[in-house]
Structure formats: structure tokens, C-alpha cells
Amino acid sequence: MLRNASSLPHGRFDAPDALRGVAMLWMTVFHFCFDLTYLGLSQANLYLDPFWTRQRTMIVSLFLLCAGLGQAIAVAQGQSWPRFWRRWRQVVAAAVLVSLGSWLMFPQTYIYFGVLHGMAVMLLIARLTATWGRWLWWLGGAAMLLPWLANAVFRGVGDAALEAAFNSPQLNWLGWITHKPVTEDYVPLFPWLGVMWWGLALGGWLVQRQPGPLSWAITKRWQPLPTLGRWSLSYYLLHQPVMLGVLLGGTWLLR
């Protein structure tokens, strides 16, 4: 069980928000390099080169870990369901905007279940399981293993129809696939729910046993990081159009 809401100070904590800010900056650098490649200004292969694919994995992991941590704090502070639903609807609306925007740019590989789509499902599950305590560590590990186990089962059974069903867009959002779909961003429920569950478990442990790190003071010099973390959703939606606009404007002026 999480600590009673009355025993945890209300309001935002700088340290978790700063960690989310780091994830946003790292993501910005990654997307900037992607934009350079998209515009033909770089030859980096962000889809296949392990240097870039590993970075993407670490960025998404940090982002979802922070989301789980944030949910643990919110529940411990007594966040109401109406307030949760208000934030959840914002995430869903942002996911829809990402799908529409990516369809305009990449109609053949648009984003139908990216990080925000995955987060919308995972946040709901996290909210419902927030009081499960140490079981969240075990569940997180199991969630990370499920795609590997499903892949092994499909190949072992040899049922092509079953394998094709889970590889289809109707079910591949679960992550129980043998072939990664061709899309610009893909963050399925498994294994990524495991990362959010671990963030939730970590947050619960900190709230119950070590609340000190949550209240670590961020110096004035680094205050932009927690500020960015608090506005992460808005920043996520705006940073790509702004960067692409600047790069397109710059290349047009340099012609």
C-alpha cells in the first residue's frame, strides 16, 4: 500500500520533474538527428543502427519510468479520479494529434500506437494497480518477458494463422509479435508496461521508505529541467513542428 495522502506533501517535486526534463532533452536531440536525416542533411540510419535504436530504447524507458514514478506520487497525494481522467484525456487527445500529423507526413508508416498511445493504456493500468506494492516489481519483470515468451510459443507451435493475427495492426499493440510493424513509432503494451510498473514500484518504495530523494532541491541554474518536465506533454507536441520549421527555413535561406 502507498503512504496515506495526508503524510506526503502536495504539489510537484523538482527531482522527478527534472528527470523527466532530461528525458525530454534527450528525445529532442534524437528527433533533431531524425529531422536532419529526413531532410537529407545527414546519412544516419536511425531505424537500424544500434547506436540510435539503443538510444531510443533508453529514452522511452526513462520517459515511462518517470510516468510510473509520477503516478505513484499522485496516488500517494490523493489524486482524485476526476483529476486523473482530465489528464488522461489530454494524453489521448495528444495521441490522436500525433497519429494525424504522422499520417500527413508518413501516410504509409504513420504512428498508430506510439509512445502516447501506449501511455494512455499503461496509465490506466498503473492507476488501477498503484497499491499492489512489491508485486509490481514481479509484474514488471513478467511484462518484459512476455513478448519473448509469446515469440517462442508462436514459433514452437508453428501456427501461421495465430502468428499472423498477433502481427496484425489489430493485435500488434500488445507486443506479442514475431515481426516488428513498419511504423514511425511503436511502443506496444508489452514489454513497456513493465517499465512503467517498475517506475510505479520505485515511486511507491520512495514514498514509503525513502521520500528524501523526491524532495531534492534543484539549483536555480538547473531549474529549466523541472520546468520542462512539468510541461512535457505540450513540449512533446510542439518541439517537432518547431524544429522542422526552423530547419526548413534554414535550408531555404541557404539555397
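Residues numbered from 1 in each chain as written. Predicted model: local features only at pLDDT ≥ 70, side-chain atom pairs only at ≥ 80, totals over all residues. Heavy atoms only, no water.

**Q** Could you give an account of the overall build of the protein chain, naming the residues involved and the relevant values?
**A** The number of helices and strands found in the protein chain is nine helices and zero strands. Across the protein chain, helices and strands are ordered from the amino to the carboxyl terminus as α-α-α-α-α-α-α-α-α. What you see for the protein chain is a C-alpha radius of gyration of 19 Å, in line with the 18 Å of a compact globule of 255 residues. Structurally, the protein chain occupies a C-alpha span of about 60 × 55 × 35 Å along its principal axes. Taking all 255 residues of the protein chain together, 44% fall into the buried category. (Helix = DSSP H or I, 4+ residues; strand = E, 2+ residues; numbered from the N terminus. Rg over C-alpha atoms; globule rule 2.2 N^0.38 Å. Buried < 20%, exposed > 50% of the residue type's maximum accessible area, 1.4 Å probe, protein only.)

**Q** Quick rundown of the pattern of salt bridges? Include the residues and the values.
**A** This model, assessed by the stated rule, comprises five salt bridges. Of the charged contacts in the structure, one is a salt bridge between Arg230 and Asp14, with a shortest N-O distance of 2.2 Å. A residue pair is termed long-range when its members are at least 10 positions apart, and Arg230 in helix α8 (residues 224-230) and Asp14 in helix α1 (residues 14-38) qualify at 216 residues. For the salt bridge of Arg20 with Asp17, the shortest nitrogen-to-oxygen distance reads 2.8 Å. In this pair, Arg20 and Asp17 both sit in helix α1, three residues apart, roughly one turn of the helix. We classify Arg20 as buried; its relative accessible area is 11%. Through salt bridges with shared partners, a single network forms among Arg12, Asp14, Asp17, Arg20 and Arg230. (Salt bridge = Lys/Arg side-chain N within 4 Å of Asp/Glu carboxyl O.)

**Q** Before we move on, could you go through helix α2 (residues 50-76) and cite the residues and values that matter?
**A** The terminal C-alpha atoms of α2 lie 39 Å apart, and with 27 residues this matches the ideal 39 Å at 1.5 Å per residue to within 8%. The N-terminus of α2 is capped by Asp49, whose side-chain oxygen sits 3.0 Å from the backbone nitrogen of Phe51. Downstream of α2 by one or two residues, Gly78 has phi in the positive range, about 85°. (Expected span 1.5 Å × (residues − 1). Polar contact = N/O pair within 3.5 Å; in protein donor to acceptor, adjacent residues only side chain to side chain.)

**Q** Please provide a residue-by-residue account of a nonpolar patch on the surface, values included.
**A** A surface patch of nonpolar side chains, about 790 Å² in accessible area, is lined by Trp132, Trp135, Trp137, Trp138, Trp198 and Trp205. Going through the elements one at a time, α5 (135-157) and α7 (189-209) are the ones with two or more residues in the nonpolar patch. It is α5 that contributes the most residues to the nonpolar patch, three residues altogether. As for its position among the elements, Trp198 is in helix α7. (Patch = residues over 30% accessible without salt bridge, like charges linked within 9 Å, V, L, I, M, F, W, Y side chains within 5 Å. Areas by Shrake-Rupley, 256 points an atom, 1.4 Å probe, with all protein chains shown as cover.)

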